[in-house]
Every structure is written in structure tokens, then in C-alpha cells.
Amino acid sequence: MIATTKDYVKLHFVVLLFGFTAILGKLVTIPSVEMVFYRTLLAAGGMGVLILATSGTFKVTRIDFFKISLTGIIVAVHWLTFFASGRVSNPSTSLVGFATCSFWAAFIEPIAKRKKIQGLEVVLGVVVILGLILIFSFNFDYALGLFLGVASGLTAALFSVINSKLAARVSAYTITFYEMIGACITVVVFFPLYQTFFTDDQQLHLTPEMMDWFYIGIMALACSVYAYSVMINLSKKLSVFFLNLALNLEPVYGILIALVVFGQQEVMGWNFYLGTLVILSAVAFYPFLKARSEKNRWGS
């Protein structure tokens, strides 16, 4: 399947939604683990309704159900490590760690699909990381935060690769439905450990305020149900590496949205604009560089 301009526009809209998730997460008052629980619960319910409304199917083979359920665990670990990274360090450290997803994908996707690792993708993955380091104030003092951030990037690359293979035979809606259920169950299983070792008062905060429900609802339906389904469909046309490469624009979009939503009038430093230029260049030129590489390879 050949990607069209519409597909690239969809991709960047989805990345914009993912960036908006960070803003919603800041507005929600309950802790991040409880927030992830409600997000996955509502997302599973919303996807179930969508499948029924579109006359879709919940049926999958036992093997695919097992694979999708395990992928749901990876999705949960991704969200938990990403938010935990920000809590034990700062958002900049977690975002720099998450930026490694394209770097991981450059190695994981070829191995999973039994293809040769492309030097171009490895180089561009490194370029994106350098761009994000320019944007954010990187602090090596936050070793644990960086480790968790890198873990979130690794898990993001993992479930992207798995989804790209599942999407060839299972509906994107069905994949997202079972992954959200798997992620929700994973968080529930994690609750006792979280309550005992990671909370100050050893209590779960499972009573969101009215506006919390509103923000989590948007996060679940728009930023999870819609966005993840579109991403899975796009994985049929675009490489996992390029999807993850574009996802590195998430923190850039998030900062720009924050300036509008929270009214921050501060002028960004030169590092922000230079880093943004580096990332945009890597994302924008990848299709052309890839096409040129393929042309040279086949000598046509």
C-alpha cells in the first residue's frame, strides 16, 4: 500500500493529539497511575462502542488474542514509565528519553521483519535525539528519570512494531480494543505494588473531579481511541521507524500548545528553534532520502 499526502497529514494530526495529551495530563488532578487506569478503561469502552457502531468484529484467533493482550501490557508499561520518568526527574528528561523510540525502532523493526538494518534510519534516529537534546535542558543528574524515559521509548517502539505486523490481518479497532483492556488490567494488577511502595499515603486516589472526567474523556476517546486506531492503520503504509520519527515532534507540538493553553508569553531560546529545525528536517526529508536510497539500490 502506497502512502498518500492525506496519510502524512493524518500522521501529524495524530502526533498533535499525542502532544495535547501532555497538556490534558497536567490539567488532571489525580495521580498519573490512576489517570492511566481511567484512560485505558474509557478507551476500551469507547472502542467497543465504535466497533459495534461500525459493524466491526471482536473475533480474533487465540494466537492473535494472546499477542494483542501482551502488547497491551507493553502499552501500559510505556505510559507508566513515561509518567513516572517525569515525576522522579522532570518532563525534559522524560521527553529526551522517549525520543529514543525512533532509534530503537531502527533496530527492532528490521529484526522483527527479518530485514537488513538501514544505516539511513539509524543516522536519522540519532539526529532526532540530538535535536531534542538541543530543545530541552538535559540533566544527567536524573539517572533514574532518564532510564525510565528510555524505557518508555523502547516500549513505544516495541508495540509499534508488533502492531504493524498485527494490522496486516486484524482490524485496527479490534487491536486497540484488546490492547486497552490489556493495559487497563495491567494497571489494576500493578495497583497493590504501586500503593505499597510508590504512594506517600499508601492510598489510591480513584475519585476524579468533574473536570478530571472531562479531560480524561478527551484523552481516552480522541487521543487514544481515534489516534491509536489511525496510527495502526498508517502502519500498513508507513514504516514503523518513520512513524516513531514523526512521534518525536510530540514534545514540540506539546510546548506550542502549552504556550496557547497556559498563556506562557516567554520567548523560547535559540536552542528550541534550532532543535525544532533539526527534527522537522529529519521528518520532512526522510521520504525523499528513503526514495533516493531505494532508487540507488535498484540502479534505476
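Further up the page is the structure itself.
What you see is a predicted model; the values in this text were computed from it and never measured.

Peer 1: What is the right way to look at the packing of aromatic side chains in this model?
Peer 2: The description of an aromatic ring pair rests on the distance of the ring centres and on the angle between the ring planes. A complete count under the given rule lists 14 aromatic pairs for this structure. Each ring, one from F18 and one from Y228, has its centre 5.5 Å from the other, and the planes form 65 degrees; the classification is edge-to-face. One end of the pair, F18, is in helix α1 (residues 5–27); the other, Y228, is in helix α9 (residues 210–234), and 210 residues separate them in sequence. With relative accessibility at 10%, the residue F18 sits in the buried group. Cluster of aromatic residues (ring-pair linked, three or more members): F18, W79, F159 and Y228. Across from the ring centre of W79, 3.9 Å away, lies the NZ or CZ of R39, which sits over that ring.

Peer 1: Would you mind going over unusual backbone geometry with me for this structure?
Peer 2: When glycine is set aside, most residues are seen to have a negative phi, and most peptide bonds are trans. Positive phi is not limited to glycine here, since S55 has a value of about 55 degrees. Considering the arrangement of structural elements, one finds S55 in the loop between α2 (32–53) and α3 (62–88). Of the residues examined, S55 reaches a relative accessible area of 67% and is grouped as exposed.

Peer 1: What exactly am I supposed to notice about the pattern of salt bridges here?
Peer 2: Once the charged atoms of two side chains with opposite charge are near each other, the side chains can pair. One pass over the structure, following the stated rule, counts two salt bridges. For K237, the salt bridge is made with D7, and the minimal N-O distance between the two is 3.2 Å. In this pair, K237 sits in the loop between α9 and α10 (240–247) while D7 sits in helix α1, placing the two residues 230 residues apart along the sequence. Across the pair R169 and D64 runs a salt bridge, and its minimum N-O distance is 2.9 Å. With R169 in the loop between α7 (143–166) and α8 (172–197) and D64 in helix α3, this pair connects stretches of sequence that are 105 residues apart. On the accessibility criterion, D64 (7% relative accessible area) is buried.

Peer 1: Whenever I open this one, the environment of V15 confuses me. Can you help?
Peer 2: Along the chain, V15 turns up in helix α1. If near-sequence neighbours (up to four positions away) are discounted, V15 is found in contact with A246, L247, L249, E250 and Y253.

Analysis parameters
- Numbering of residues starts from 1 in every chain and runs along the sequence as written.
- Note on the predicted model: pLDDT of at least 70 is required for a residue's local features to be given, and 80 or more for side-chain atom pairs to be given and counted; whole-chain, interface and lining totals, by contrast, use all residues.
- Only hydrogens and water are removed before side-chain values are computed, so all heavy atoms of the structure are retained for them.
- A pair of aromatic rings is counted whenever rings of Phe, Tyr or Trp (Trp by its six-membered ring) have centres within 6.5 Å, and the orientation is called stacked for planes under 30 degrees apart, edge-to-face for over 60 and tilted otherwise.
- Helical segments are the DSSP runs of H or I of at least four residues, strand segments are the runs of E of at least two, and each set is numbered from the N terminus.
- Accessible area is worked out with a 1.4 Å probe on protein chains only. A residue is then buried under 20% of its type maximum, exposed over 50%, and partly exposed in between.
- Whether a charge sits over a ring comes down to the Lys NZ or Arg CZ being within 6 Å of the ring centre and within 35 degrees of the ring normal.
- Whenever Lys or Arg places a side-chain nitrogen within 4 Å of a carboxyl oxygen from Asp or Glu, that contact is recorded as a salt bridge.
- The contact criterion used is simple: two residues touch if any of their non-hydrogen atoms lie within 4.5 Å.

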